[in-house]
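# An overview of the molecular structure
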Amino acid sequence: MIQDTDRLIARLTAAATKDYNKIVEAAGEKVANLHEECGVFGIYCPGEDVARLTFFALFALQHRGQESAGIATSDGKKIQFYGDMGLVSQVFDENALGQLTGHIAIGHNRYSTTGSSRRMNIQPIVLGTGADTMAIGNNGNIVNSAHLYRELCEQGYNFRSSTDTEVVGDLILSAPSTDWIERIRYAMRRLQGAYSTVMLTKDALYVFRDPWGVRPLCLGSLNGGFVVASESCALDHIGAKLIREIDPGEIIRISQNGVESFREPIRKRALCIFEYIYFARPDSYMNGQLIYPTRTAMGANLSKEYPVDADAVMGVPDTATAAGIGYAQEANKPYCEGLLKNRYVGRTFIAPDQRIRDLGVKLKFNPLPQMLKGQRMVVVDDSIVRGTTTPKVVDLIRRAGAKEIHMRICAPPIKYPCFFGVDMATRKELIASHKSVEEIRQFIGADSLGYLSLDGLLKSVNLPGDSFCTACFTGEYPIPVQLEMDKLALENS
Ligand code: SF4
């Protein structure tokens, strides 16, 4: 729970002095790799088994969060919830789904920055009483959540989780209105940060997206009903049809009256560009574009920016496969699979013993020496964050017999941390914040290293640069970050 006053005050002090480095240091140690935080889904569909459909949609969104999964449903009279730690397929069985009756459902996959088994943070969270009962799940990061938390505590709200989703929910409940749209509007005017949120009451499904549109959210139709999801791939898997994206600043209510849209003013549009590079599945659509060809274009532009005399090209599976293919096509070189990924390695609650831990990256990738022996390889990857994994991948490929390894990265160097829902690392942990490209090349042990330029990245995505957040490359945040300490206080308490 949010109880550590000393740490909270330390962060508030850091923020008050706007000392960026102190704020970043206050974040403490975070996990090594780039992780999205959460996938959300919602459905309003009388006559359908909405819990089962939500299960399959969450299954399709598993890549967005593997820590815990939950579903809440309503049959018009009562709200029911089931959730647990683990993967979607580990959490739910026929018995659990059978208890989740009704015609409205929301679901949530969580990636936790705290990492440990914190059951209290499983979402959706059920809040309120009587006619005010609701369930809520969120993808994003509220940067002024500690400030709002204090205010809500003073008003008598008791928090049982350490998520900012509960802050959003209680803020909605605290609004001076009984109309849910007015309550959400009240909350949105006070929230700073990234949020794509699903919420259900006894008789309606509500969804809303922050005015910058940092995290994705789309609307679809299914058998006379409607669905919403973080990514369109979830719609495909349950036979729903994509209608459109939910706009930044938009609130949608889905009820027996159909879909009603209410809008708050859009701020600067700032969709996270890492959705295109890494997070989203390549079969999802965003801004009307399929992700897959934008990734092949990243590879093609990398090939133009950093050509090299090599025998073959490979992508580090799975996220860099499309970019690897794009590089190979542009360079007119053969594409090969030099590494096989164990796709089911995922998250496990079984702790590896030391011998298994020492295997490190081998647990995830197995090289194919027949493809690599004596070859001068171009190896395309999506990003280098802390630089802890890439040297191991390079070493694995070299030990399998590659003669030369030319690393090509689909993004510019990551120099600044993310404050909008992506669990990356603190600034001092980001290798590109304190090493030059040549120093990074030496550190990872590659024969050459090339990062795609920001121009090359934006050309690949083929949308105006001011549609995106690119802050982890440029340090230019679309939302003020001095408020970030609020979030850090929540996460570390
Ligand atoms: S800082 Fe980077 S990872 Fe975070 S939202 Fe912006 S582009 Fe995405």
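In this text, all values refer to a predicted model and were calculated from it rather than measured experimentally.

Definitions and cut-offs
- Residues numbered from 1 in each chain as written.
- Predicted model: local features only at pLDDT ≥ 70, side-chain atom pairs only at ≥ 80, totals over all residues.
- Heavy atoms only, no water.
- Helix = DSSP H or I, 4+ residues; strand = E, 2+ residues; numbered from the N terminus.
- Buried < 20%, exposed > 50% of the residue type's maximum accessible area, 1.4 Å probe, protein only.
- Contact = heavy atoms within 4.5 Å.
- Pairing = 2+ DSSP bridges.
- Axes fitted to C-alpha atoms, helices over the stretch in contact; angles between N-to-C directions.
- Expected span 1.5 Å × (residues − 1).
- Patch = residues over 30% accessible without salt bridge, like charges linked within 9 Å, V, L, I, M, F, W, Y side chains within 5 Å.
- Areas by Shrake-Rupley, 256 points an atom, 1.4 Å probe, with all protein chains shown as cover.
- Salt bridge = Lys/Arg side-chain N within 4 Å of Asp/Glu carboxyl O.

### Section: the side chain of R110
Here R110 lies in strand β5 (residues 104–110). Judged by relative accessible area, which is 7%, R110 ranks as buried. The residues touching R110, leaving out its near neighbours within four places in the chain, are C38, G65, Q66, E67, S68, N121, Q123 and T163.

### A short note on the sheet that holds strand β24 (residues 448–451)
One open sheet accounts for four strands, arranged β18-β21-β22-β24; its pairing is parallel. Each having just a single partner strand, β18 (312–315) and β24 make up the two edges of the open sheet. Adjacent strand axes in the sheet meet at a mean angle of 20° when their direction is disregarded. As judged from the four bridges shared by β18 and strand β21 (residues 376–381), these two strands associate in the parallel manner. Opposite A312, over in β21, you have M377 as the bridge partner. Taken strand by strand, helix α15 (residues 390–399) contacts β18, β21 and β22 (404–409), and its axis lies near 145° from that of β22. Strands β22 and β24 of the sheet are contacted by helix α16 (residues 437–444), whose axis makes an angle of about 130° with β24.

### Observations concerning helix α11 (residues 291–305)
The end-to-end C-alpha distance of α11, which contains 15 residues, comes to 21 Å, matching closely the 21 Å that a straight helix rising 1.5 Å per residue would cover. Buried residues of α11: I291, T294, R295, T296, M298, G299, A300, N301, L302 and S303, and no others.

### Considering the pairing of strand β11 (residues 225–229)
Most of β11 is tucked away, with four of its five residues classed as buried. Pairing geometry for strand β2 (residues 39–44) and β11, over four bridges, is antiparallel. Following the sheet pairing, Y44 is matched in β11 by F226. Linking strand β10 (residues 218–222) back to β11 in an antiparallel pair, the connection comprises two residues, with N223 at a positive phi of about 45°.

### Some thoughts on a nonpolar patch on the surface
On the surface, L340, L368 and M371 cluster together to form a nonpolar patch covering roughly 210 Å² of accessible area. By secondary structure assignment, the location of M371 is in helix α14 (residues 369–372). Here M371 falls in the partly exposed class, since its relative accessible area comes to 36%.

That's the geometry; what it means functionally is another story.
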